Amino acid sequence: MSRHTTKDRRAEIADRIHGELTRLRLGMRNLAVVEEARAVLAERCGCPPEEASDRLWRMAEESGRAVEDVAEEVIASAEPADESRSPDLDMPSWVVSALEVVHVSAVYLTPIRDERDRVVDFYLAAANDRARDVTGRRAPALIGRRLLRLSPGVLSSGFFDDYTATLETGTPLVRDGVEYVEVRDQALWPACVSVRAVRAGDGLIVSWRTHDEDLLVAGWEGAQRVARLGWGEWNLATGRVTWTRQMYDIFGRAPQEGPAPLEALPAIVLAEDLPALESQVRTLLHHHLAVDGELRIRSRHGIRHLRLVSEPVLDGEGHPIAIRALAQDLTDLRRRDQDLAIAREQAKWQRRRAEEEHRIARELQDAILPLHKGLLTPPGLVVAVHYFPAGETARIGGDWYAARLMPDGRVLLAVGDAMGHGFTATTLMAQMSTGLIGLAYTGADADRLASWLNELILHDGAAITSTGTAVLGHFSPDDRTLSWTSAGHPAPILVRDGVARLLGHAPGPLLGAVEFAEYPLNTTMLKPGDLLLLYTDGVIERRGHSLEEGVAALLRAAETSAAQDGKPGVDTLLNRLRPGSVEDDVCLLAIQVL
């Protein structure tokens, strides 16, 4: 939408709002004129208000004119209201004293009756010093006046009928929070009032309290600061707009600028939200229904997201006399929603990336370690392999193994663990396992291979520090000798004659941890029937237990498995050791010496 089109759209909506307000105010004026004319006719004819209303409508029908036009003529022909005062009335002496005790506006009403003894009006015989009606008139302007000419609003609000009923039955009147509309000088004066009335002698003591906007605003001050709420009222009859201080802050207006009238709202609402504004105003002013919606506005603080809960205030006839709105600044909440949406998108991307890394890691593991479970039969040995990645995708680790016949006739045996989990650990695992096999073709002994592998990992040039552990060695089939070394890895377990023990050794440092590392070479003489276990820490790590406890459990399981199976029973051993799923990679070589 172009700037010119948006400007025209704003002006169009503002004109429509102005037109709707003008229509409502004209209707209010007509209502005020009719109400005032009813009071004049009731006084002139000495009849009850309902008969005066019937007479007014008959006059309009007989003349063929609008009732508003006839009502204006009735008002113009009436004697001034100030002259229609009561004569001096005899009142009980206690009335004035009783009125002064009341801490709000209070008056004493005496009934005016027709020849049939019906109450057709009341005189305001006395008033306390605090008395003030909703239009601002004080006690001197009230005393001695007829009620209907002074306050025609008592007709449409039902107060006249209530006063009459209280006078006749003696039942006290209590009405709180009434949306009262007074009529004065052919205009409407809305107010929210609470009224009490009791019969006293031959008349009524009537008290009322106006729920003044200033008191209402003051009551909101604490709540609005805590909840970031603002409150406002647009009086449709007088055009007066009342805002709380927080309302100014929400709309980004200085208090000296005054509150914004309804017609000014299109100028500050974002172009995309103008249809929503127009719909809300139409619902309030035309359909007389409450609305709850969000709008974005431009203020001196930038773009603000507002929630507006608005309702029309209706008079006794169902006509709107004011609009009240509760505004909440949702800007921070919407920003958090946006940040959360971005975070969710990032989480989705990270999840997709993790899934892709997992797939690649699995494929890499399968390519490097195609045998996850089974038997290998290099010369002089039967090697049972059990390699099982962790149950959780994010915990795929870097466990690896090697069992390969070398050109010099020795069998290369190794188990290792690249530190970490995920794609990085799998990549390091590939580097360690393939690097070892490549270096092993030089024919060097295990200690030398470990040193070379350390240098390879240390000087890889990767952006992150990479370390790992391994136990590796050579088995010579001719004399059944195992020459091996450990690079920070758990020691092998030897099961001989049903007894399991850790092989004693001098351990070397982690692979990739320090430069020029040395790895002592250990020699172990094996014999037929021996069972040698090479394993990663996933075999001995258990939640809530130390590594020493894990090793002890592995020793017991190895002894039991060897005694019952008489062969490398890896599955039985692992089931006894840790039944169920695993939390880390498990790699175990059970090597039976022939």
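Note that this is a predicted model, so its numbers are computed, not measured.

**Student:** What should I look at first to understand the sheet that holds strand β13 (residues 398-405) in this one?
**Tutor:** In a beta sheet, neighbouring strands are held together by backbone hydrogen bonds and run either parallel or antiparallel to one another. Here we have five strands laid out as an open sheet, ordered β13-β14-β15-β16-β19, and antiparallel in their pairing. Each end of this open sheet is capped by a strand with a single partner; those strands are β13 and β19 (522-525). Direction aside, the axes of adjacent strands within the sheet are offset by 15° on average. Contacts from helix α14 (residues 446-458) reach β15 (468-476) and β16 (481-487), with the element oriented near 150° to β15.

**Student:** How do you make sense of the nonpolar core when you look at a structure like this?
**Tutor:** Among soluble globular proteins, nonpolar side chains are generally buried collectively. Ranked by size, the top nonpolar core spans 45 residues in total, and within it L56, L109, F122, F159, Y163 and V206 carry the most contacts. Not counting residues within four places of it along the chain, the set of residues in contact with F159 comprises V154, L173, R175, V178, Y180, V193 and V195. L24, W243, L265 and L308 belong to the second-largest nonpolar core, a separate cluster that totals 38 residues.

**Student:** Looking at this structure, how should I read the confidence of the model for the protein chain?
**Tutor:** The predicted structure's coordinates, where accompanied by low pLDDT, should not be read in detail. Averaged over all residues, the pLDDT of the protein chain equals 83, while 85% of them reach at least 70. Model confidence for the protein chain, summarised as mean pLDDT per element, is weakest for helix α9 (residues 213-227) at 52 and strongest for β16 at 96.

**Student:** It is not clear to me how the pairing of strand β10 (residues 320-329) should be interpreted in this structure. Could you clarify?
**Tutor:** A regular strand places its side chains so that they alternate between the two faces of the sheet. Within β10, eight of the 10 residues are buried, leaving the element largely enclosed by the surrounding structure. When strand β6 (residues 229-235) meets β10, the two strands line up antiparallel, connected through seven bridges. Bridge pairing links E233 to R324 in β10. Note: strand β9 (residues 302-314) against β10, nine bridges, orientation antiparallel. If you follow S310 over to β10, its bridge partner there is A325. Counted along the chain from β9 to the antiparallel partner β10, the turn is five residues long, and its residue G318 has a positive phi close to 85°.

**Student:** I would appreciate a short explanation of unusual backbone geometry in the present structure.
**Tutor:** Note: most residues except glycine have negative phi, and most peptide bonds are trans. For H288, which is not glycine, the phi torsion reads 60° and is therefore positive. The partly exposed category is assigned to H288, whose relative accessible area is 26%.

**Student:** Where do I start with helix α8 (residues 159-169) in this structure?
**Tutor:** At 3.6 residues per turn, the α-helix brings residues three or four places apart onto the same side. Those residues of α8 that fall on the buried side of the exposure criterion are F159, F160, Y163, T164, T166 and L167. The buried residues of α8 occupy one face: seen down the axis, they fall within an arc of 160°. Facing away from the buried side of α8, by more than 90 degrees, are the exposed residues D161 and T169. Of the residues trailing α8, G170 is marked for its positive phi of about 80°.

**Student:** Before we go on, may I ask you to explain the packing of aromatic side chains in this structure?
**Tutor:** Here a ring pair, both rings aromatic, is described through the centre-centre distance and the interplanar angle of the planes. Applying the stated criterion to the full structure yields seven aromatic pairs. Aromatic side chains F122 and F160 sit 5.8 Å apart centroid to centroid with 70° between the ring planes, which places their arrangement in the edge-to-face category. Here F122, found in strand β2 (residues 119-127), pairs with F160, found in helix α8; they are 38 residues apart in sequence, far enough to count as distant. When sorted by exposure, F122 lands in the same class as F160, which is buried. By the ring-pair criterion, three or more aromatic residues cluster together here, those being F122, F159, F160, Y163 and Y180. Over the ring of Y123 we find R146, and its NZ or CZ is 5.9 Å from the ring centre. The ring of F159 carries R175 above its face, with NZ or CZ at 4.5 Å from the centroid.

**Student:** Help me out: how do you make sense of the pattern of salt bridges in this one?
**Tutor:** Two side chains that carry opposite charge are able to pair once their charged atoms sit near each other. With the rule as written, the count across this model stands at 26 salt bridges. Across the pair E345 and K348 runs a salt bridge, and its minimum N-O distance is 3.7 Å. Here the residue E345 and the residue K348 both occupy positions in helix α12 (residues 331-368), the gap between them amounting to three residues, near one helical turn. Residue classification places E345 among the partly exposed residues on the basis of a relative accessible area of 45%.

**Student:** Just to check I follow, could you spell out the sheet that holds strand β11 (residues 373-376) for this structure?
**Tutor:** The antiparallel open sheet is built from six strands, whose spatial order is β11-β12-β21-β20-β17-β18. Of all the strands in the sheet, the pair left with one neighbour each is β11 and β18 (499-502). Geometrically, the sheet is characterised by an average inter-axis angle of 20° between neighbouring strands, direction not taken into account.

**Student:** Honestly, the packing of helix α2 (residues 49-63) against helix α3 (residues 67-77) in this entry has me stumped. Any pointers?
**Tutor:** Any two packed helices are characterised by the angle at which their axes cross and by the distance between the axes. Contact pair α2 / α3: the axes reach a minimum separation of 9 Å and the direction vectors enclose 115°. Here α2 is positioned roughly perpendicular relative to α3, judged by the angle of their axes. For the pair α2 and α3, the sense of crossing is right-handed. Contacts between α2 and α3 pair L56, W57, M59, A60 and S63 from the former with V67, V70, A71 and V74 from the latter. Residue composition of the contact of α2 with α3, grouped by class: eight nonpolar, one polar and no charged.

**Student:** Help me understand the state of the cysteines in this model?
**Tutor:** One way to say it: the disulfide is the covalent bond shared by the sulfur atoms of two cysteines. Summed over all chains, the structure comprises zero disulfides. The thiol sulfur of C47 is not disulfide-bonded, and the nearest other cysteine sulfur, from C45, lies at 4.7 Å. Here C47 falls in the buried class, since its relative accessible area comes to 7%.

Calculation notes
Residues numbered from 1 in each chain as written. Predicted model: local features only at pLDDT ≥ 70, side-chain atom pairs only at ≥ 80, totals over all residues. Heavy atoms only, no water. Pairing = 2+ DSSP bridges. Helix = DSSP H or I, 4+ residues; strand = E, 2+ residues; numbered from the N terminus. Axes fitted to C-alpha atoms, helices over the stretch in contact; angles between N-to-C directions. Contact = heavy atoms within 4.5 Å. Core = buried A, V, L, I, M, F, W, Y, C linked by side-chain atoms within 4.5 Å. Buried < 20%, exposed > 50% of the residue type's maximum accessible area, 1.4 Å probe, protein only. pLDDT = per-residue confidence, 0-100. Arc of directions from axis to C-beta. Phe/Tyr/Trp six-rings, centres within 6.5 Å; stacked < 30°, edge-to-face > 60°. Lys NZ or Arg CZ within 6 Å of the ring centre and 35° of its normal. Salt bridge = Lys/Arg side-chain N within 4 Å of Asp/Glu carboxyl O. Parallel < 35°, antiparallel > 145°, perpendicular 65-115°, else oblique. Left-handed = near helix turned anticlockwise from the far one by under 90°. Nonpolar A, V, L, I, M, F, W, Y, C, P; charged D, E, K, R; others polar. Disulfide = S-S within 2.5 Å.

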